[in-house]
Structures are given as structure tokens and as C-alpha cells.
Amino acid sequence: MSNRSDQPTTAGDDGAGAAEKPRVLLFMREGQNRKLLLDALGDRYRIETTTDPSDLGSAFDCCLVGHTEFSRIASAIEQERESADHVLPFVLLVPESDADAMGSSVWKYVDDVIELPVAKAALRTRIGNQIDRRQTAAELAARTGELERVVEDLRLKERAMDEATIGIVVTDPHQEDNPIVYVNERFEEITGYDSTEAFGRNCRFLQGEDTDPETRRVLREHIDAAEPVSVDIVNYRKTGERIWQNIDISPVHNDEGEVTNFVGFQSEITDWKLKERRLDVLNRVLSHNLKNKMNVIEGHVELLRDEFADGEEPRSLDIVTDAAVDLMGLAESVQEIERIISVEGSSPAAIDLTADVLRIVDMLSDHYPDATISTDLPDEECLVELPGIVAAIEEAIENGIKHNDSPTPWVAVRMTKRDDGWIDIEIEDDGPGIPDHEIAVLKGGETPLEHAERLGLWMIYWVITKAGGRFNVATTGTEGSVIELSVPGHDVS
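Conventions we followed
Within any chain, residue numbers begin from 1 and follow the written order of that chain's sequence. The predicted origin of the model limits local features to residues at a pLDDT of at least 70 and limits the giving and counting of side-chain atom pairs to 80 or more, whereas totals for whole chains, interfaces and linings rest on all residues. Processing note: side-chain calculations cover all non-hydrogen atoms of the structure and skip hydrogens and water entirely. Here's how the labels work: a residue is buried when its accessible area is under 20% of the maximum for its type, exposed when over 50%, partly exposed in between, all with a 1.4 Å probe on protein chains only. Helix and strand definitions follow DSSP, with helices as H or I runs of at least four residues and strands as E runs of at least two, each counted in order from the N terminus. For this quantity, the arc is that covered by the directions from the helix axis to the C-beta atoms. Between two residues, a contact is recorded if the distance between any of their heavy atoms is within 4.5 Å. Only the contacting stretch of a helix is used when fitting its axis, a line to C-alpha atoms as for every element, and angles between N-to-C directions run 0 to 180 degrees. Angle categories are assigned with fixed cut-offs, so that under 35 degrees is roughly parallel, over 145 is roughly antiparallel, 65 to 115 is roughly perpendicular, and the rest are oblique. Note that Gly is not counted as nonpolar here; it falls among the polar residues with everything else outside the nonpolar set of Ala, Val, Leu, Ile, Met, Phe, Trp, Tyr, Cys and Pro and the charged set of Asp, Glu, Lys and Arg. Every helix has an expected span of 1.5 Å times one less than the residues it contains. A pair of aromatic rings is counted whenever rings of Phe, Tyr or Trp (Trp by its six-membered ring) have centres within 6.5 Å, and the orientation is called stacked for planes under 30 degrees apart, edge-to-face for over 60 and tilted otherwise. We count a charge as sitting over a ring when the NZ of a lysine or the CZ of an arginine lies within 6 Å of the ring centre and within 35 degrees of the ring normal. In this scheme, strands are said to pair when DSSP sees at least two bridges between them.

Quick look at helix α1 (residues 32–41)
Then, in step 1: Turning to α1, its buried residues are Arg 34, Leu 37, Ala 40 and Leu 41. Buried residues along α1 cover an arc of 130 degrees about the axis, so they all sit on one side.
Then, in step 2: Buried residues along α1 sit in contact with β2 (23–27), β3 (46–50), β4 (62–66), β5 (90–95) and α3 (120–162).

And the structure:
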């Protein structure tokens with residue numbers, strides 16, 4: 001900012017408070033009138049004086065223009081007013097004797113014309129009115145901008161909800177019977193009801209005769225208590241088709257903590273439920289029938305042995321017996337793996353892997369007395385909350401012994417606790433190594449040509465993966481293999 005001496009002149013600068021005062025640009029030459037204006041306004045506004053037209057591009061709240069300067073900056077004033085985001089007031093100061101000579105065209109450029117001399121109170125009032133106009137316009141512009149952002153944000157969220165791949169429902173608990181007030185397009189596709197048919201109705205209109213009463217009770221109690229709830233439920237389409245849905249419902253609170261709405265997310269799981277129940281039935285039938293058939297086979301093998309009691313038994317009897325035993329063991333392994341994998345959530349309490357590994361090693365050492373099992377474990381506790389982890393470690397150690405043709409198999413168990421709370425476990429053996437196709441199946445999935453024979457490896461993989469951990473099988477470079485496990489410890493958030 002410059003004045004006639006090319007140095008900025010500022011009045012009303014009283015320290016930290018000056019920055020909060022409105023800024024008034026006084027565009028006029030030195031003289032008695034400018035001095036009077038500085039005295040009249042300096043205590044209320046931050047006054048900056050100049051005669052340089054380029055200073056009109058600086059930030060200010062009101063510009064007072066002397067009549068002798070007006071003609072040479074009129075076009076600059078017009079340009080600044082047009083480019084301003086909101087009201088930018090200019091006030092023309094004229095001697096009383098020259099007021100009539102200015103003409104009406106000046107109003108194209110200025111917002112007020114003040115004749116000098118003028119009473120201090122009147123001057124302050126009129127300048128204050130112009131600054132108030134600007135500040136009001138600025139506030140309105142800010143609110144309008146904020147409103148536009150809010151509206152756009154709401155539109156974006158609504159589009160996201162409308163185009164979501166799951167059904168979304170919003171209800172209003174302040175209305176009678178907590179009716180639906182919003183559904184997205186996916187809800188309409190799943191249920192067959194459009195929004196006009198769903199609005200104003202409670203979500204239970206989707207239920208029917210096969211909807212489990214216990215599931216209804218759970219939903220009702222959690223909603224009445226304003227608590228989140230997740231259930232699998234039988235609902236019905238508009239056509240009367242029976243469908244399974246997973247429903248997640250959560251209360252929505254305002255800043256005061258009051259429940260304003262409930263939002264529900266619907267996913268159709270009919271195919272998954274049918275598959276789950278089909279596998280359950282097949283598992284029970286297979287388990288029951290397999291045991292019965294194995295008993296029949298074993299019974300007939302014994303009858304055949306009796307027939308050959310006085311002679312040499314065919315070797316095929318031993319082969320049939322071994323196959324029957326293997327099949328029974330396979331069925332029991334499948335059931336045990338299913339029991340371990342199907343456990344939901346975390347362990348009831350944190351367990352110490354260090355202590356459990358020592359217990360497993362002691363047990364397997366008794367069971368396989370010719371095997372050598374060495375350990376390198378931390379002195380500190382290694383707490384985890386992972387269901388199935390102990391069974392997975394036991395399976396990995398025992399695999400290293402069972403699949404080793406050496407009369408004295410060797411297995412080493414190493415465990416470390418990292419600084420980030422994760423626990424690394426290595427189980428190394430000196431056996432023939434895990435076949436490449438078994439490892440490939442774990443990474444790429446089974447195919448008709450490639451499939452795993454070791455269910456134990458799958459069990460380890462499923463347990464670790466379900467826990468969010470990492471599982472890897474490596475070779476030692478010569479013989480043997482190393483199973484590498486990494487799992488989050490109890491302290492990992």
C-alpha cells in the first residue's frame with residue numbers, strides 16, 4: 001500500500017486487535033479533509049491511505065474516494081466491483097459546493113456519496129452501513145457456499161446409497177410404528193417393492209409364515225433398546241417368493257445422543273443358506289452312512305479271515321482293512337476340522353502359546369518316542385485369542401513327524417514375539433518335504449487335476465487365514481520343509 005510519499009500509511013493500528021477491525025482504504029491526497037477522516041474513523045477501522053490505483057486490487061472492506069481522484073480511477077473501480085465475489089463498497093467524498101456537478105452517473109461506480117464537511121456521527125454511521133452490507137454479503141456467500149457443499153455431499157451420499165450393491169432402508173422411530181422413510185434401488189430389486197409401496201410401512205411387512213418367531217423377537221428387542229443387531233431371516237418378495245436375507249440394523253444418533261433413525265442393510269443370502277444347509281445334511285448323511293458301511297466292511301473282513309483261518313489269508317484283506325481305517329480317519333478328520341473352523345469370534349480368553357506349545361511337544365514326544373522335537377521359545381508369554389490356533393500348531397508339528405520315513409524324525413519349533421505384537425512361528429522338519437502340488441493348491445485352489453491329499457494343511461491354512469494371519473510353506477534348501485505362521489497377538493489392536 002502506498003501514499004504520495006510511496007510509503008504505506010496506516011491509522012487505527014492498535015496491535016493484535018487491528019487485524020480484527022474492518023479495513024478502510026482512503027484514496028485521497030494529503031490535506032485537511034484526509035486528516036479529519038483519519039481522526040473520525042481511525043479508532044473504529046483500520047485505515048490505509050493511498051493514491052496508487054494498483055492498490056484497489058488489495059483486500060479492504062470499504063474504499064473512500066476523494067473527488068479529485070475519482071475520474072482517473074473510475075474504470076478501475078468498475079472493474080473491481082465486477083470481479084468481487086460479493087459487495088465491495090466504494091464511497092465518493094465531495095465538497096458540498098461540487099455535489100451537484102458530479103451528476104447521477106457516479107452511482108454506476110459508487111454505493112454512496114458523502115458531502116463534506118459531514119458530522120462525525122453521520123460519517124461513521126454511513127461508512128458503518130456500507131461495511132455491514134459487505135460483511136452481511138460475505139456471510140451470506142459463505143453460508144450459500146456451505147449450503148451448496150452440504151447439498152452436494154447429501155446428493156453424493158444419496159447416490160452412493162441408491163447405487164449400493166446391498167439393500168438399504170431408513171426408518172423413522174418418531175413416527176408411529178417406526179415406518180420406512182427411504183429405500184434404495186437395490187432394496188427394490190431384492191424385494192420387488194418400489195419405494196412408494198414401502199414408504200410408511202414397518203419392515204416386518206416383508207416377513208411371513210416361515211419367518212422364525214425367535215428371530216423376530218431378537219429384532220424387536222434390540223430395536224426397542226436402540227441397539228445394533230444382525231440376524232439371518234426369512235423374508236418374502238412381492239411375488240410371494242421366500243428368500244433368506246442377512247439384516248444389519250443400527251440406530252442413528254444426533255449430536256445430543258438421541259436416536260433419530262434406524263438404518264438397515266439387507267443382503268440376499270438364499271443361495272448361501274441353501275448351500276450351508278445342503279452341506280450340513282450331506283455331512284451328517286456321509287458321516288452316519290460312512291460309519292455304518294465301514295462297520296459292514298470290517299465285519300465281512302473278519303468273516304473272510306475266519307474262512308481262511310486254516311490257510312494263508314489273501315493280502316487283499318489287509319489292503320481292504322487299511323483302506324477302511326483310512327476312510328474312517330478321513331471322516332473323523334473332516335468332522336474335527338469343521339468343528340475347529342466353525343468356531344465363531346475369538347477364544348473365550350487369551351491363551352499363552354508358549355505354554356501350549358510346550359504342552360503339545362510333551363504330548364507328541366510321548367506319542368512318538370523315536371522323534372526329536374526341539375523348541376526355541378520366548379521367555380515371556382505370547383498371548384493370543386484365536387480359536388483353533390493350538391490345533392493348527394499341533395497338526396503342523398505332527399505332520400512333520402508322520403510324513404517322515406526316517407526312523408528318527410526331527411522337528412524344530414521356533415517362536416518369536418515381534419515389537420508390533422505379532423507372533424511368528426516356524427515349524428521345520430527334516431522329512432521329504434511337502435509336494436509342490438500340495439503347496440500350489442493352497443495358493444491357487446483345487447482343480448480337477450490338482451488337489452490336496454493332506455487335509456491337515458488345509459486346516460492350518462483356514463485357521464490362520466480366518467484369524468487374519470499369514471501362512472507360508474518353504475523348503476530348507478535340501479530336504480524337509482518349514483511351515484511359517486504369523487498371527488496377531490492379544491495386544492494387537
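The rest of the description comes next.
Considerations on the packing of α1 against α3
Then, in step 1: The interhelical angle for the contact between α1 and α3, taken along N-to-C directions, is 75 degrees, at an axis separation of 10 Å. Considered as vectors, α1 and α3 are oriented roughly perpendicular to each other. Mapping the contact onto sequence places Leu 37, Ala 40 and Leu 41 in α1 and Lys 120, Leu 123, Arg 124 and Ile 127 in α3.
Then, in step 2: Residue classes in the contact of α1 with α3 are distributed as five nonpolar, no polar and two charged.

What about α3?
Then, in step 1: Compared with the 63 Å implied by 1.5 Å per residue over 43 residues, the 62 Å span of α3 between its first and last C-alpha is a close match.
Then, in step 2: Turning to α3, its buried residues number three or more, namely Leu 123, Arg 124, Ile 127, Gly 128, Gln 130, Ile 131, Arg 134, Ala 137, Gly 145 and Asp 162.

Here we look at the environment of Ser 54
Then, in step 1: With respect to the helices and strands, the residue Ser 54 is situated in the loop between β3 and β4.
Then, in step 2: Residue Ser 54 is classed as exposed on the basis of its relative accessible area of 54%.
Then, in step 3: Each C-alpha atom of the pair Ser 54 and Ile 73 lies 9.7 Å from the other, and the pair is 19 residues apart in sequence.

As for the packing of aromatic side chains
Then, in step 1: What the rule picks out here adds up to four aromatic pairs.
Then, in step 2: Aromatic side chains Phe 60 and Phe 90 sit 5.8 Å apart centroid to centroid with 85 degrees between the ring planes, which places their arrangement in the edge-to-face category. Of this pair, Phe 60 sits in the loop between β3 and β4 while Phe 90 sits in strand β5, and the two are 30 residues apart along the sequence.
Then, in step 3: Pairing Tyr 193 with Phe 205 gives two aromatic rings, centres 4.9 Å apart and planes at 80 degrees, and the pair type is edge-to-face. Of this pair, Tyr 193 sits in the loop between α4 (185–191) and α5 (195–198) while Phe 205 sits in the loop between α5 and α6 (213–224); the two residues are twelve residues apart in sequence, bridging distant segments of the chain.
Then, in step 4: Given the relative accessible area of 16%, Phe 205 is considered buried.
Then, in step 5: We note Arg 470 situated over the ring of Trp 422; from NZ or CZ to the ring centre the distance is 4.4 Å.

Things to note about the sheet that holds strand β18 (residues 481–487)
Then, in step 1: Overall, mixed pairing links the five strands, which are arranged β13-β15-β16-β18-β17 in an open sheet. The sheet is open, and its two borders are formed by β13 (372–376) and β17 (470–475), each paired with just one other strand. Across the sheet, the mean angle from the axis of one strand to that of its neighbour is 15 degrees, orientation sign disregarded.
Then, in step 2: The pairing of β17 with β18 spans six bridges and is antiparallel. Each residue of the ladder has a partner; that of Val 473, found in β18, is Ile 483.
Then, in step 3: The strands touched by helix α10 (residues 389–402) are β13, β15 (410–417), β16 (423–429) and β18; relative to β16, the strand with the most contacts, the crossing angle is about 20 degrees.

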